[in-house]
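Descriptive analysis of the structure
The chain contents come next:
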Amino acid sequence: MAKFKGAVVVNTERCKGCDLCVVACPSSVLALSTEANSKGFNFSHMEEPENCIGCSACAYVCPDACITVYKVKVE
Amino acid sequence: MAKFKGAVVVNTERCKGCDLCVVACPSSVLALSTEANSKGFNFSHMEEPENCIGCSACAYVCPDACITVYKVKVE
Amino acid sequence: MTEEIIISGFGGQGVLSMGKILAYSGLMQGQEVSWMPSYGPEQRGGTANVTVILSDERISSPVLNHYDTAIVLNQPSLEKFESKVKPGGTLIYDGNGFHKFPTRKDINIYRIDAIEYAYANNAVKTMNMIILGGLLKVRPIVEIENVLKGLKKSLPERHHHLLGKNEEAIRIGMDLIKKEN
Amino acid sequence: MTEEIIISGFGGQGVLSMGKILAYSGLMQGQEVSWMPSYGPEQRGGTANVTVILSDERISSPVLNHYDTAIVLNQPSLEKFESKVKPGGTLIYDGNGFHKFPTRKDINIYRIDAIEYAYANNAVKTMNMIILGGLLKVRPIVEIENVLKGLKKSLPERHHHLLGKNEEAIRIGMDLIKKEN
Amino acid sequence: MNVTDIINPSNLVYDKTSVMNDTPMHYCPGCSHGVVHKLIAEIIEEMDIQDKTIGIAPVGCAVFAYKYLDIDWQQAAHGRAPALATAIKRLLPDRYVFTYQGDGDLAAIGTAETIHACNRGENIAIIFINNGIYGMTGGQMAPTTLEGMKSSTSPHGREIPLNGYPLNITNLLAQMDGTCYVTRQAVHTVASVRKCKKAIQKAFENSMQNKGTSVVEIVSTCNSGWKMTPDESNKWMVENMFPEYPMGDLKNI
Amino acid sequence: MNVTDIINPSNLVYDKTSVMNDTPMHYCPGCSHGVVHKLIAEIIEEMDIQDKTIGIAPVGCAVFAYKYLDIDWQQAAHGRAPALATAIKRLLPDRYVFTYQGDGDLAAIGTAETIHACNRGENIAIIFINNGIYGMTGGQMAPTTLEGMKSSTSPHGREIPLNGYPLNITNLLAQMDGTCYVTRQAVHTVASVRKCKKAIQKAFENSMQNKGTSVVEIVSTCNSGWKMTPDESNKWMVENMFPEYPMGDLKNI
Amino acid sequence: MSNSQKQHKEEVRLMKGNEAIAHAAIRCGCDGYFGYPITPQSEILETLVELEPWKTTGMVVLQAESETASINMVYGAAGCGKKAMTSSSSPGVSLMQEGISYMVGAELPGVIVNVMRGGPGLGTIQPSQADYFQTVKGGGHGDYKMITLAPASVQEMADFTVLAFDLAFKYRNPTMVLADGIIGQMMEKVVLPPFQPRWTEEEIRKNTPWATLGKQKNSKPNVITSLELRSEEMEKINLRLQSRYREMEKNEVRYEEIMCEDAEYIIVAFGTTARVSQKAVELARAEGIKAGLLRPITLFPYPSEILMSYTSRIKGILTVEMSAGQMVEDVKLSVCGKVPVEFYGRMGGIVPSPNEVLDALKEKLIK
Amino acid sequence: MSNSQKQHKEEVRLMKGNEAIAHAAIRCGCDGYFGYPITPQSEILETLVELEPWKTTGMVVLQAESETASINMVYGAAGCGKKAMTSSSSPGVSLMQEGISYMVGAELPGVIVNVMRGGPGLGTIQPSQADYFQTVKGGGHGDYKMITLAPASVQEMADFTVLAFDLAFKYRNPTMVLADGIIGQMMEKVVLPPFQPRWTEEEIRKNTPWATLGKQKNSKPNVITSLELRSEEMEKINLRLQSRYREMEKNEVRYEEIMCEDAEYIIVAFGTTARVSQKAVELARAEGIKAGLLRPITLFPYPSEILMSYTSRIKGILTVEMSAGQMVEDVKLSVCGKVPVEFYGRMGGIVPSPNEVLDALKEKLIK
Ligand SMILES: Cc1ncc(C[n+]2csc(CCOP(=O)(O)OP(=O)(O)O)c2C)c(N)n1
Ligand SMILES: Cc1ncc(C[n+]2csc(CCOP(=O)(O)OP(=O)(O)O)c2C)c(N)n1
Ligand code: SF4
Ligand code: SF4
Ligand code: SF4
Ligand code: SF4
Ligand code: SF4
Ligand code: SF4
Ligand SMILES: [Mg+2]
Ligand SMILES: [Mg+2]
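Please read these numbers as outputs of a predicted model, since none were measured by experiment. Counting from 1, residues in each chain are numbered in the order their sequence is written. Labels are handed out in written order, letters beginning with A for the chains and numbers beginning with 1 for the ligands. At least 70 in pLDDT is required for a residue's local features to be given in this predicted model, at least 80 for side-chain atom pairs to be given and counted, and no such filter applies to totals for whole chains, interfaces and linings, which use all residues. Neither water nor hydrogens contribute to the side-chain values; these are computed over all heavy atoms in the structure.

**Describing the site of ligand 8**
Residues are labelled near a given molecule or strand when at least one of their non-hydrogen atoms is within 4 Å of it. Looking at ligand 8, there are eleven residues lining it, with C28, C31, C61, N131 and C222 of chain F nearest. Of the chains in the model, those with residues near ligand 8 are chains D and F. Partitioned by chemical class, the residues of the shell around ligand 8 number five nonpolar, six polar and no charged. In this count, Pro and Cys sit with the nonpolar residues alongside Ala, Val, Leu, Ile, Met, Phe, Trp and Tyr, while Asp, Glu, Lys and Arg are called charged and the others, Gly among them, polar.

This is how it looks when you write it as structure tokens:
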């Protein structure tokens, strides 16, 4: 069976740190950073990038369309 | 079986000659008169008084509350 | 020349359309015209009136309180408008159902029993034309030919075959009207 | 004596309630007070400010464009209000996240790093009291005792046990504030 | 026994109730409004609540209801009777408060006020005269005007694509949690008059039992607007209106 | 294979559609409005109808929708979006016309306009964001606020006798002859987002097929008004809102 | 001879003012009418549905669920660059005040006809002019103005419908036609305006580039809105609107002078009362009184300058209205205390008669 | 010291203007509040539901489905002799215009609060005074007036709520409290009015014998209506209303004069701009300019006489408003051309600053 690896790019300026992507990620890839963006929000970022399977769940639920998802078939 | 006789009094000034009582009467008692009241309406009256059974049908359907009904048991 | 007319009667008596025919007649002979109805919320019943002005000049006020001619078709109308006829003016009434009659001496009073005639002769539909005929007899303000032209304009095409009947009604009205004073 | 103050910062920073405590303090010492917030449609986020006036006389305008004292808690607020401090007046800022700093020479500028302190010392809830303490150090416009009385008035009863914490925060603020020029 | 013998107070079986006064009503001959007025008057008399009843009639042919029924009345702006009734009933909870609304009023401009009064479950009675037309203003199309039915604003008959569907608003009101009694009646026959009276009475009674809103739709005629005789109108109503607005209770809890 | 290798245009599987522009949205963090905006933008992009779509947003948190979605917009008075949409669609029948209304807007002040647009079967799509509250104005009670739910105008929780029942207006709209598609969706999970997108797309498609009005209710959160975190809000919504406003199609013809 | 008569030879017809509006709307290329019945103007909608323009010009005619819906339908249509209109009478127009204010705020053209009846409240269905203030001062919220045309004849009902659209689009602002029950219900001769085709979509794009017809490739989306939360920006919008009103005041003042050249007394009246007052002026002249009539045709912008220009040579002004006195304030503001300004009015649906007006003139000014 | 302060010793509180209205309503025996949320006045409803007066005084508080419903709920309640009120902000008040006209027509007392924001249309939520015309000239149809109270402080928000009810019942006419976003949102010291019990039913029957509480035996039914189709009768109603307005003009003019005795220049301003202008007057005096402030408290009836009385000794008047210039027309009508009247205004939600006002005074009048 094909395995997928993924990666996401968070638009950190656009992100409002709502945490919904963090909750939605099935692989616990994401976390809110301790750093804040210019609006004072602690944005989301890949805390465990290697876990990402590129499923896009985070992107689907993100209300601010901050997440771009990439995915490759590995093996 | 008891038989009833009735009679109605039409408030001829109030009557608008709509004919609904005439249509409603099961005993063909009523008719519109050829005479008109002060508003120009040909009011309803008892054309065949002896047929009246006092059933009040005319009064129930009269939109202008013009009809008073009297009824006696005969025999 | 300017003629200021009020026509008044029960709602169903064709008061408004009589005024309309007059107005159309004026239009046909190139006059300025105005037709101003009383309007009310009642769908049926009640008293209706219409002010019609025919004039060779621009008409200023469509609303008047004195008239050259008043045509009254019921008692309340007589009571309201008799006093509003200009001295020397004309009052035409259909006496049907009246219990009080016109009393002024300084105006010309005519009676036309068109309602009675119409009911008796099965001519209810042209009753207003009979009255119009009466008017034209005593106040020939428009040519009969223009009345018929006007009628043609105001009637839907499907009623045009009735024009003859209407002309006849006008003539009847001319016969029926009687001076009273 | 009249003191005209503007307090400005991010929506969540307790700017409005800091103003409220000041106003209540003025009330406690029998002054005339006015508290005038900027109000917006945003439920969260955005910049908020409040104008507080304490005076011994009737306050005419609650709206001002120059202030005796400005307390600014974010960069946009500094940019907006630095120029509006009266010559000789006071500007207090919390420099957290600032990249541009106050530049005027004709006013007294103080820095208080209350935000940093509050986060570091788990005292976010009393951050606005720390700043207030700073203010009172450099502009002793109200007695601390009146501040505490005011707090008591404006806080729901169930929070009255926190009064001690608040008093402490005021003292911390008094220590934390530093003159810059 | 001749007529004059029969006509004797002791033989009286039907008379105009005194809650309806002697002012002649302005309605067109044969208009359903009159019958419904009479029923309301009778109920108020029989329930002996003349001093406890407040009626609210918005514009429409029944705007002058206050001239005929001797109770306290408020005349409402077009569509707003349920808003008035809400305030009145909440401030005077021991009064019988009812609205008397036409289909133009209740189902067009007053849609929001009607739905929200019902949704709040205001303890009022809504008497709804559905004659499929705007009677008062000269026979324009109402939301309840039937498909193909002519009116002065649908002179060629109501067309669905142009004007939408006949709005069965009573069905919607029956769906709402706030209504306790929703029924559809008529007053064209003796039997229907009797039933309608019971329905209105029930609506009045409900309003004192904190059960919610009662709605009595009365499918009615407007012979002037329909351009038929009163009798023809009744027949046309039975044939055409009843299939779209069927008689009977929609809800009764 | 490391992250930078994967992040490569050829591996792109999800990106913000260009119909949604780069202006940061003013919504509170985690607000459902954003997700729905995104879906609408994606549908417009995928259907390639950016030049044929006219959106109508009345007041409410989404009043600024026009700042974020690069299509032509009209901003409507509170409650009146369906009236605007009616006129627009009738004058431009080959355009996709949709309204984007909150529950305060659609189910309170706009009740009449909504019901009548649906009754006329206007060929429009109504996107209805039901977050059970007036978000924009500071979290006041909406008609859809649940029993017991707190808001700034029901600080002790909504009480039925005082404030009436939560109004399930979508149920009513489904009853109407003019609607062709009425569905209730949410956007709190990946699966629901996917389903909701399909529903909105169907509503858009219907509007070109003269089938009538499509209504897509999206049961949403207003974490600010509800005073919870976005994630808590989603959970609360599932537990409390869904039983009152159950997911799924109410009508599909 | 009115403009429309010059442009084409068409037969003279007899019709009601309300009917003339309906005919004129169709002929001038109106795209949509949205309205709700109310006496005394229901004939506008009734005539339109009778004429079925959707089968000829494609004009949409819709009976809305309320006046609130009507005005917002006009808003929607206007936002698409369409020529849209509504009509009502006083209570119905009150319900439109929010919508009118929104149209102004969103800079939308459109035509609103008010065939006034007597108020306040449900009042009477008889004629009135008591919505003058509502119309020219601002019945809706915020600072705004609408060009207000006051027809005094059936011909003007037709002509002003056309003109109202022209002005609405010229200034991107709603225009009001302020008539009354008399003008709506009376029949007079009228020559209808010539047929103009409705704008094509290309024409709309050209004439109203701001219209929401669907975003064009390579251009920004169009947005119709009256919202601006940034006060500085909102003030700019307000200033733009105000400068537009100054433009209207410069360009669009319209009035009719009747026997004013040598007049010692001027009657100021619009609509039906102007017709009545004209007759009063005729009666006055017959008695040797040098009276004249100034009939404002635009109520906003108001013909203040011409009034001011009289002040050096007249002895007084009588304002005649079917109201408690509304326009009279604008007359006073126009002449700034330079000559006496008196008022004569009737209310409740009563139309003053020419003689009454003459008597009032004598009593209040000539004495 | 305000009236309410004299009557009872009560602690001084700090609250928002909107909150003060809510407290004052409960205390003055208000029977019902019906309203709909809109910024910047939602705190009125919010405070009321927080205070739950239905548990104490029995006052009904209801969030209506719209402003249209709200005003008609007030109508219904007022028709029963109840003290009812609503509040809103500009767009919402526009939606109430029909209802307000109906209340006047049916001679119903009631209180309407407008916490104005900038328009037209949706505009901005920031403060404004641009609904002056709507309020005092007549935003609804027909001839009518409402006593209009313009609070300039939180204390007045409380006091005028009470006063508004008194005046509404005195004249059987709705009364408007015309505030703005600043007065609604700011906190100041306030002494709340004393508690008055709500009227009992007996009191209502006595005070408002026309109220529909259920027909009393041996008396005629009460009818609340604004309908009268007979023009002569309708005119009588209109005349009765008009004579009531004349009464108000005689009895109810209220204003505040600040440093007017020796003033050469008078600033006229109400509400928030009066507060700002007072400071401008202080600044002017500090510069030796003899300025004074006339603050109209009632906008209808307008303090025309006092303004006229200044004209013999002042050099000019500056009217300051948060609008394009509305009240300035009443100032002009008051002084009838006798002294120059200038205007300074800001729009879009911008509050003019004291310095701006001073500059305007110098530039426009002193030169
Ligand atoms: C705001 C407003 N719009 C319109 C009207 C005109 N109007 C009066 S009654 C009515 C409708 C009457 O129809 P309905 O409610 O069905 O009552 P009916 O006369 O048929 O009994 C209308 C549109 C009005 N009075 N007020
Ligand atoms: C006529 C009018 N009344 C009230 C308002 C204030 N207002 C703005 S948005 C809104 C309700 C918003 O609630 P909703 O429609 O549910 O949208 P949300 O913000 O929750 O998405 C209200 C009452 C207004 N703008 N206009
Ligand atoms: S794409 Fe899937 S696995 Fe990767 S971060 Fe997003 S939700 Fe987690
Ligand atoms: S869902 Fe979007 S906005 Fe929220 S934290 Fe994740 S990336 Fe940021
Ligand atoms: S039903 Fe009544 S009104 Fe009609 S004819 Fe009979 S008595 Fe007269
Ligand atoms: S009482 Fe019965 S029988 Fe007698 S007239 Fe009436 S309907 Fe006929
Ligand atoms: S118009 Fe119709 S509803 Fe009105 S009174 Fe006449 S018949 Fe009855
Ligand atoms: S207030 Fe509520 S609906 Fe509005 S943006 Fe915030 S979370 Fe969303
Ligand atoms: Mg009807
Ligand atoms: Mg909402």
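**Here we look at the coordination of the magnesium ion (ligand 10)**
Residues and elements named next belong to chain F. Every protein donor of the magnesium ion (ligand 10) is accounted for by D103 (OD), N131 (OD1) and I133 (O), and the metal-donor separations fall at 2.0 to 2.1 Å. The sequence pattern formed by the donor residues of the magnesium ion (ligand 10) is D-x27-N-x1-I. Here's how the labels work: a residue is buried when its accessible area is under 20% of the maximum for its type, exposed when over 50%, partly exposed in between, all with a 1.4 Å probe on protein chains only. Residue classification places N131 among the buried residues on the basis of a relative accessible area of 6%. On the basis of relative accessibility, which here comes to 1%, the residue I133 falls in the buried class. Coordination here is defined by N, O and S atoms within 2.8 Å of the metal (3.2 Å for Na, K and Ca), and since water is not considered, a site can look incomplete.

**Examining a negative patch on the surface**
A surface patch of negative charge is lined by D177 of chain E together with E147, E159 and E244 of chain F. Within the element layout of this structure, E244 of chain F appears in helix α10 (residues 230–244). Residue E244 of chain F is classed as partly exposed on the basis of its relative accessible area of 31%. Nonpolar side chains (Val, Leu, Ile, Met, Phe, Trp, Tyr) are joined into patches within 5 Å and like charges within 9 Å, using only residues with over 30% relative accessible area and no salt bridge. The protein chains shown are the only cover counted for residues, whose accessible areas, like all others here, come from Shrake-Rupley with a 1.4 Å probe. Put simply, a salt bridge is a Lys or Arg side-chain nitrogen that is within 4 Å of an Asp or Glu carboxyl oxygen. Here the positive residues are Lys and Arg and the negative ones are Asp and Glu; neither His nor the chain ends is included. Charged groups are reduced to one reference atom each: NZ for lysine, CZ for arginine, CG for aspartic acid, CD for glutamic acid. In this description a helix means any DSSP run of H or I spanning at least four residues, a strand means any run of E spanning at least two, and both kinds are numbered starting from the N terminus.

**With respect to the packing of aromatic side chains**
Here a Phe, Tyr or Trp ring, Trp counted by its six-membered ring, pairs with any other such ring whose centre lies within 6.5 Å, and the pair is stacked when the planes are under 30 degrees apart, edge-to-face when over 60, and tilted otherwise. Scanning the model with the defined rule gives 34 aromatic pairs over all chains in all. Pairing F98 of chain C with F101 of chain C gives two aromatic rings, centres 6.2 Å apart and planes at 40°, and the pair type is tilted. Among the residues examined, F98 of chain C registers a relative accessible area of 9% and is labelled buried. Between the aromatic rings of Y67 of chain D and F81 of chain D, the centroid separation amounts to 6.1 Å while the plane-to-plane angle is 85°, which identifies the pairing as edge-to-face. A residue pair is termed long-range when its members are at least 10 positions apart, and Y67 of chain D in strand β4 (residues 67–72) and F81 of chain D in helix α2 (residues 75–81) qualify at 14 residues.

**Digging into the site of ligand 1**
Close to ligand 1 lie 22 residues; H33, C61, D103 and G104 of chain E together with E67 of chain G are nearest. Residues within reach of ligand 1 are spread across chains E, G and H. In the environment of ligand 1, an oxygen atom lies 2.8 Å from a nitrogen or oxygen atom belonging to the backbone of C61 of chain E. At 2.9 Å, a backbone N or O of M136 of chain E approaches an oxygen atom of ligand 1. Here ligand 1, which alone exposes 590 Å², has 98% of that area covered by the protein. Secondary structure elements with two or more residues in the shell around ligand 1: α4 (103–109) and β6 (133–134) of chain E. In terms of residue count, α4 of chain E provides more of the shell around ligand 1 than any other element does, three residues in total. Among the residues making up the shell around ligand 1, the classes are represented as ten nonpolar, eight polar and four charged. Polar contacts, as used here, are pairs of N or O atoms within 3.5 Å; protein pairs need one atom able to donate a hydrogen and one able to accept it. Residues neighboring in sequence count only if both atoms are side-chain atoms.

**As for the interface of chain H and chain G**
The partner chain G presents 58 residues to the 58 residues of chain H that form the contact. Using a 1.4 Å probe, buried area is obtained as the accessible area two parts lose upon being combined, added over both of them. Regarding the contact of chain H and chain G, the summed buried area is about 4,600 Å², with carbon and sulfur atoms giving 60% of it. At the junction of chain H and chain G, the tally comes to four salt bridges. With a closest N to O distance of 2.7 Å, R346 of chain G and E235 of chain H form a salt bridge. Counting only elements with at least two residues in the side of chain H that touches chain G, the list comes to α5 (90–94), α6 (97–105), α7 (132–138), α11 (231–251) and α14 (327–335) of chain H. Sort the elements by how many residues they give to the side of chain H that touches chain G and α11 of chain H lands first, with eight residues. Across the side of chain H that touches chain G, the residue classes tally to 20 nonpolar, 26 polar and twelve charged. Two residues qualify as a contact provided that any one of their heavy atoms is within 4.5 Å of a heavy atom in the partner residue.

**A short note on the pairing of strand β3 (residues 72–76) of chain E**
Counting buried positions along β3 of chain E gives five out of five residues, so the element sits mostly inside the fold. Of the two faces of β3 of chain E, both are covered, the one formed by D72, Q74 and A76 of chain E as well as the one formed by W73 and Q75 of chain E. The criterion for strand pairing is that DSSP finds at least two bridges linking the strands in question. Two elements, strand β2 (residues 53–58) of chain E and β3 of chain E, share five bridges in a ladder whose sense is parallel. Bridge assignment links P58 of chain E to a residue of β3 of chain E, and that residue is A76 of chain E. Pairing of β3 of chain E with strand β9 (residues 223–224) of chain H, which is carried by two bridges, proceeds in the parallel orientation. For Q74 of chain E, the partnering residue across the bridge sits in β9 of chain H and is I224 of chain H.

**Some remarks on the pattern of salt bridges**
All names here are of chain E. Going through the model one piece at a time under the given rule, you end up with 90 salt bridges over all chains. The shortest N-O distance in the salt bridge between R184 and E217 comes to 3.0 Å. Residue R184 is found in strand β8 (residues 179–186), and its partner E217 is found in strand β9 (residues 213–219); the two are separated by 33 residues along the sequence. Of the two residues examined, R184 and E217, each falls in the buried class.

**Describing the environment of D159 of chain H**
Position of D159 of chain H among the secondary structure elements: in helix α8 (residues 154–171). Taking C-alpha positions, D159 of chain H is 9.1 Å from V191 of chain H, a pair spaced 32 residues apart along the chain.

**Section: the coordination of the magnesium ion (ligand 9)**
Residue and element names in this part refer to chain E. Here the magnesium ion (ligand 9) is held by the protein donor atoms D103 (OD), N131 (OD1) and I133 (O), which lie 2.0 to 2.1 Å from it. Sequence positions of the residues that donate to the magnesium ion (ligand 9) give the spacing D-x27-N-x1-I. You can see D103 sitting in helix α4 and its partner N131 sitting in the loop between β5 (125–130) and β6, a full 28 residues away along the chain.

**Digging into the relation of the copies chain H and chain G**
Two copies of the chain are present, and they differ by a rotation about an axis and a shift along that axis. Fitting of the copies onto one another was done by least squares over C-alpha atoms, counting residues only where both copies have pLDDT of at least 70. With an axial shift of 0.0 Å and an RMSD of 0.0 Å, the rotation relating chain H to chain G amounts to 180°. The two molecules are tied by a two-fold rotation axis, judged by turn and shift. Relative to the rotation axis, the C-alpha of G139 of chain H is the closest in chain H, positioned 1.8 Å from it. Looking at the interface residues of chain H, 100% of them are also at the interface in chain G, so both copies use one shared face.

**Remarks on the nonpolar core**
Take the buried residues of types Ala, Val, Leu, Ile, Met, Phe, Trp, Tyr and Cys, join any two whose side-chain atoms come within 4.5 Å, and each joined set is a nonpolar core. Of all hydrophobic cores here, the largest spans 461 residues; its most connected members are I200 of chain E together with I200 of chain F. Here this core gets twelve residues from one element, more than from any other, and that element is α8 of chain H. If we skip the residues at most four places from it in the chain, I200 of chain E touches V36, L39, I40, I43, I127, V216 and I218 of chain E.

**A few points about helix α1 (residues 15–28) of chain C**
Residues and elements named next belong to chain C. Here a helix's expected span is defined as the number of its residues, less one, multiplied by 1.5 Å. Compared with an ideal rise of 1.5 Å per residue, which puts 14 residues at 20 Å, α1 spans 20 Å between its outermost C-alpha atoms and is within 8% of the ideal. Counting buried positions along α1 yields ten of 14 residues, so the element is predominantly enclosed. Listing the buried residues of α1 in full gives V15, M18, G19, I21, L22, A23, Y24, S25, G26 and L27. Positioned one or two residues after α1, G30 has a phi angle of 75°, which is positive.

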